[in-house]
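In case you want the letters, here they are:
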Amino acid sequence: GGDGVGLRALSLFKSPRMLRLGRLVKRMEDLAQASAFRLLRLLGIILLVAHWVACGWYFLAETDTSDDVTWIIKAGLQDETRWEQYIASLYSCLLLLVRNMDVHPSNGRERVVAILCILVGACMQASIFGSFAVLIANFDKGGRAYKEKTMHVGVRMRQLGLPTTIRTRVYEYYK
């Protein structure tokens, strides 16, 4: 009893379907690695843009020579370390980039930069959504091409009136 079940289970691993499944899994892993790299690259670009905007936001407040209240003063960060001010600036800019209205610019110059941040953030979000759409569309590109090719071959073989044995051999070749 038990040995027969084990032998049948082992014979499953020899079947051509399992081999095709193995190729599919490998192709999915390759695609996943490429997709992961694209996503990491996109995340790096987002962080770089956020860093640049945060530095500009900080620089704007730090170099203000007017009597206007800046975001640093409004947030009570004038006595904090530069690191604390940078983190607050990065946080504010990330909120602006995702169009969160919890950031309130304190003067006209900051409002102009905030508007620019919101516009850059809108472009970044469009880029992110577009990248995800492309990744999803390209996920099974090879599988679709294979199905389309076998469909065209099948139609042509039927048009030519080829015998079933030859059609079977052709399908086996494409598998």
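None of these values were measured; they are calculated from a predicted model.

A. Structural view of the overall build of the protein chain. From N to C terminus, the protein chain includes seven helices and zero strands. With 175 residues in all, the protein chain has 24% of them scored as buried. In the protein chain, the share of contacts with a sequence separation of at least 24, taken over all contacts with a separation of at least 6, comes to 62%.

B. View of the confidence of the model for the protein chain. Chain-level pLDDT for the protein chain is 77 on average; 78% of the residues reach the 70-or-more range. No element of the protein chain has a lower mean pLDDT than helix H1 (residues 2–12), at 50, and none a higher one than helix H4 (residues 82–97), at 86.

C. Structural view of the layout of surface pockets. The volume enclosed by the second largest pocket comes to roughly 180 Å³. If you go around the second largest pocket, you meet 13 residues; those closest to its centre are Trp 71, Ala 75, Ser 92, Val 103 and His 104. Taken together, the elements giving at least two residues each to the lining of the second largest pocket come down to helix H3 (71–74) and H4. If one sorts the elements of the lining of the second largest pocket by residue count, H4 sits on top with four residues.

D. The arrangement of the nonpolar core in detail. Trp 57, Trp 71, Ile 72 and Leu 96 are the most contacted members of the largest nonpolar core, which has 23 residues in total. Elements with a minimum of two residues in this core: helix H2 (16–62), H3, H4 and helix H5 (108–137). Counting residues per element, this core draws most heavily on H2, at ten residues. Beyond its immediate stretch of four places on either side in the chain, Ile 72 contacts Tyr 58, Ala 61, Glu 62, Leu 77, Gln 78 and Gln 85.

The rules behind these values
Residues numbered from 1 in each chain as written. Predicted model: local features only at pLDDT ≥ 70, side-chain atom pairs only at ≥ 80, totals over all residues. Heavy atoms only, no water. Helix = DSSP H or I, 4+ residues; strand = E, 2+ residues; numbered from the N terminus. Buried < 20%, exposed > 50% of the residue type's maximum accessible area, 1.4 Å probe, protein only. Contact = heavy atoms within 4.5 Å. pLDDT = per-residue confidence, 0-100. 1 Å grid on protein atoms, 1.4 Å probe; cavity = no way out; pocket = protein on both sides within 12 Å on 5 of 7 lines; lining within 4 Å. Points joined across faces, edges and corners; volume = space filled by probe spheres on them. Core = buried A, V, L, I, M, F, W, Y, C linked by side-chain atoms within 4.5 Å.

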